[in-house]
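Structure at a glance
In case you want the letters, here they are:
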Amino acid sequence: MRGRSGACLCLLLFLPGLLGLARRPRSMRRTRTIRMCQLLGMNCNTPTDFTFSFTGFAARGGDTDTHADGWGLAFYEGRGCRSFVDNLPSSASPIAEILKSYPIKTLNMLAHIRKATCGELLLENVHPFQRELWGRSWVFAHNGDVPLCRAPREEVAGVMLNYARATAPIPDPNAQASPTFMPIGDTDSEMAFCLLLNRLAGRYNGMPNTLELYDEVNAWAADLTADDGIAAEILRRRNPNPIPSPDDNCGPNASTSPYPEPSGRRDPRREGLGLGLSLDGEDREVASDEPILNFLLSNGEVLLAGCWPGQRPGSSVFNGLHYIVRQAPFTQAKLVDVDVDIDFAEVTTPDDRVAVIATVPLTDNERWTEMQKGDLLVFENGRALGRADIEASGAVVA
């Protein structure tokens with residue numbers, strides 16, 4: 001798994017005629033089963049290829065599972081980011097086939113296979129989504145759905161502006177600046193991503209350190225998973241109207257501001273992620289109008305994974321996140337979805353450390369950790385870090 005990044009992919013192979021050969025198999029037609037997308041992420045301390053994990057993951061895109069509405073993958077080479085998206089199922093995509101067999105090495109990778117619940121079956125709605133901020137490529141993928149982020153295109157600008165105004169260091173009801181980031185497609189996932197980036201851009205002039213980034217992502221996720229309160233009220237405003245005045249308990253003169261201070265200090269009443277709430281039995285089921293927010297986010301330096309899981313009524317599918325950290329002594333691993341195994345001891349060194357995050361464990365002979373409701377983890381150099389770990393390590397984003 002160790003070595004330099006792979007050479008450039010020969011994109012000339014992806015001719016329109018070749019792509020035209022792939023067809024959506026009959027078995028991939030939509031069913032009435034309520035399913036959502038699946039996520040895959042990798043973070044490591046030395047450049048590592050993802051062919052093993054992606055081989056099993058891609059099979060879920062229309063072969064071993066019904067996620068046949070497109071797929072995407074992004075990985076970093078230094079500050080550069082390569083991104084591939086396709087509206088074909090990953091199990092039938094020529095692009096996915098090449099990525100499964102090409103040993104590309106990277107420190108951070110994230111992938112997504114789509115089961116559309118919001119947004120048309122168009123290329124612009126395929127994750128991961130990518131934007132530039134502070135000279136870095138930010139990449140985001142999401143599993144679930146966020147009712148607060150569903151809005152007709154003509155109303156999106158109003159939601160973005162209201163949220164940007166309210167989450168500025170000093171909330172300004174009269175600010176007229178246009179949001180920097182706007183969605184291209186019509187998914188709730190891309191809208192949630194743009195809300196986060198607008199929040200970051202409005203609160204920092206440059207890259208925040210890892211602890212600040214953790215707190216900002218935590219607060220953003222709390223806003224999206226709230227069912228009441230000022231954040232939910234603002235996100236439900238569909239027109240660019242002024243945000244509530246200070247007299248409405250929002251602003252620099254409010255007695256108890258619901259938004260975190262610029263230092264990252266949070267109001268404990270509105271913490272969303274980072275709580276680690278255990279879910280058992282019927283507690284795993286959530287109403288159709290409640291949010292499910294499982295996501296992966298990377299800026300090329302770290303990979304964040306947030307878990308706000310759930311299971312829709314009438315569905316047998318629970319949408320959450322699992323992760324595993326592979327390090328010495330390395331052992332053999334066997335994929336669940338395809339008949340492929342690997343002995344990691346033969347392809348690693350004792351210093352290697354690789355973290356893999358997935359909606360559902362990819363292997364059946366390893367111990368994966370299920371993330372609990374409210375968990376937010378930063379993966380750095382193959383380590384899974386909570387907020388206390390980040391504080392103790394003093395880690396920063398360069």
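These remarks concern the structure in this document. (Residues numbered from 1 in each chain as written. Predicted model: local features only at pLDDT ≥ 70, side-chain atom pairs only at ≥ 80, totals over all residues. Heavy atoms only, no water.)

So, about the state of the cysteines. Within the structure shown, the criterion is met by zero disulfides. The structure places no disulfide on Cys 194, whose sulfur is separated from the nearest cysteine sulfur, that of Cys 149, by 9.8 Å. (Disulfide = S-S within 2.5 Å.)

A few words now on the side chain of Asn 299. Tracing the backbone shows Asn 299 in the loop between strand 7 (292-298) and strand 8 (303-308). Within the local environment of Asn 299, its side chain forms a polar contact with the backbone nitrogen of Val 302, the two atoms lying 3.2 Å apart. (Helix = DSSP H or I, 4+ residues; strand = E, 2+ residues; numbered from the N terminus. Polar contact = N/O pair within 3.5 Å; in protein donor to acceptor, adjacent residues only side chain to side chain.)

A few words on the pattern of salt bridges. Taken as a whole and judged by the stated rule, the model has 14 salt bridges. Ionic pairing is found between Glu 366 and Arg 326, a salt bridge with its closest N-O pair at 2.8 Å. Taken as a pair, Glu 366 in the loop between strand 12 (353-358) and strand 13 (369-370) and Arg 326 in strand 9 (residues 322-327) lie far apart in primary sequence, 40 residues in all. For the pair Glu 366 and Arg 326, a shared accessibility class is recorded, and that class is buried. Between Glu 380 and Arg 383 there is a salt bridge, with the nearest N and O atoms lying 3.8 Å from each other. Using a relative accessible area of 11% as the deciding quantity, one classes Glu 380 as buried. When salt bridges with common partners are traced through the structure, they connect Arg 199, Arg 203, Glu 216 and Asp 223 into a single cluster. (Salt bridge = Lys/Arg side-chain N within 4 Å of Asp/Glu carboxyl O. Buried < 20%, exposed > 50% of the residue type's maximum accessible area, 1.4 Å probe, protein only.)

Tracing the sequence through the fold places Phe 181 in the loop between helix 4 (153-166) and helix 5 (188-203). Residue Phe 181 is classed as buried on the basis of its relative accessible area of 7%. The residues touching Phe 181, leaving out its near neighbours within four places in the chain, are Arg 131, Glu 132, Leu 133, Met 160, Cys 194, Leu 197, Asn 198 and Ala 201. (Contact = heavy atoms within 4.5 Å.)

Before going further, it helps to spend a moment on the sheet that holds strand 1 (residues 38-49). With respect to topology, seven strands assemble into an open sheet ordered 3-2-4-1-12-9-13, the strand pairing being antiparallel. The sheet is open, and its two borders are formed by strand 3 (80-86) and strand 13, each paired with just one other strand. Pairing of strand 9 with strand 13 involves two bridges; the strand directions are antiparallel. Opposite His 322, over in strand 13, you have Glu 370 as the bridge partner. Against the sheet, helix 3 (residues 94-101) makes contact with strand 2 (71-77) and strand 3, and its axis sits at roughly 40° relative to strand 2, the strand it touches most. (Pairing = 2+ DSSP bridges. Axes fitted to C-alpha atoms, helices over the stretch in contact; angles between N-to-C directions.)

Any two aromatic rings considered together are summarised by their centre-to-centre distance and by the angle between their planes. Overall, the coordinates contain eleven aromatic pairs when judged by the stated rule. Judged by centre distance (5.1 Å) and plane angle (5°), the ring pair of Phe 140 and Phe 193 falls under stacked. In this pair, Phe 140 sits in strand 6 (residues 136-145) while Phe 193 sits in helix 5, placing the two residues 53 residues apart along the sequence. Accessibility assignment for this pair places Phe 140 and Phe 193 in one class, buried. A ring pair is formed by Phe 140 and Trp 220, whose centres lie 6.0 Å apart and whose planes are at 80°; its orientation type is edge-to-face. Remark: Trp 220 occurs in helix 6 (residues 210-225) and Phe 140 occurs in strand 6; sequence separation between them is 80 residues. Taking relative accessible area as the criterion, Phe 140 reaches 0% and is therefore assigned buried. In textbook terms, an aromatic cluster arises when at least three aromatic residues are bridged by ring pairs, as seen for Phe 50, Phe 54, Trp 71, Phe 75 and Phe 84. (Phe/Tyr/Trp six-rings, centres within 6.5 Å; stacked < 30°, edge-to-face > 60°.)

Before going further, it helps to spend a moment on the environment of His 322. Mapped onto the fold, His 322 is located in strand 9. Given the relative accessible area of 16%, His 322 is considered buried. For His 322 and Arg 367, which are 45 residues apart along the polypeptide, the C-alpha to C-alpha distance reads 10.0 Å. Of note is the side chain of His 322, whose polar atom sits 2.9 Å from the backbone oxygen of Thr 359.

Quick look at the pairing of strand 6 now. For strand 6, the tally of buried residues reaches ten of ten residues, placing the bulk of the element in the interior. One ladder, built from five bridges, connects strand 5 (residues 129-133) with strand 6; its direction is antiparallel. Bridge assignment links Gln 130 to a residue of strand 6, and that residue is Val 139. Joining the antiparallel neighbours strand 5 and strand 6 is a turn of two residues, in which Trp 134 adopts a positive phi near 55°.

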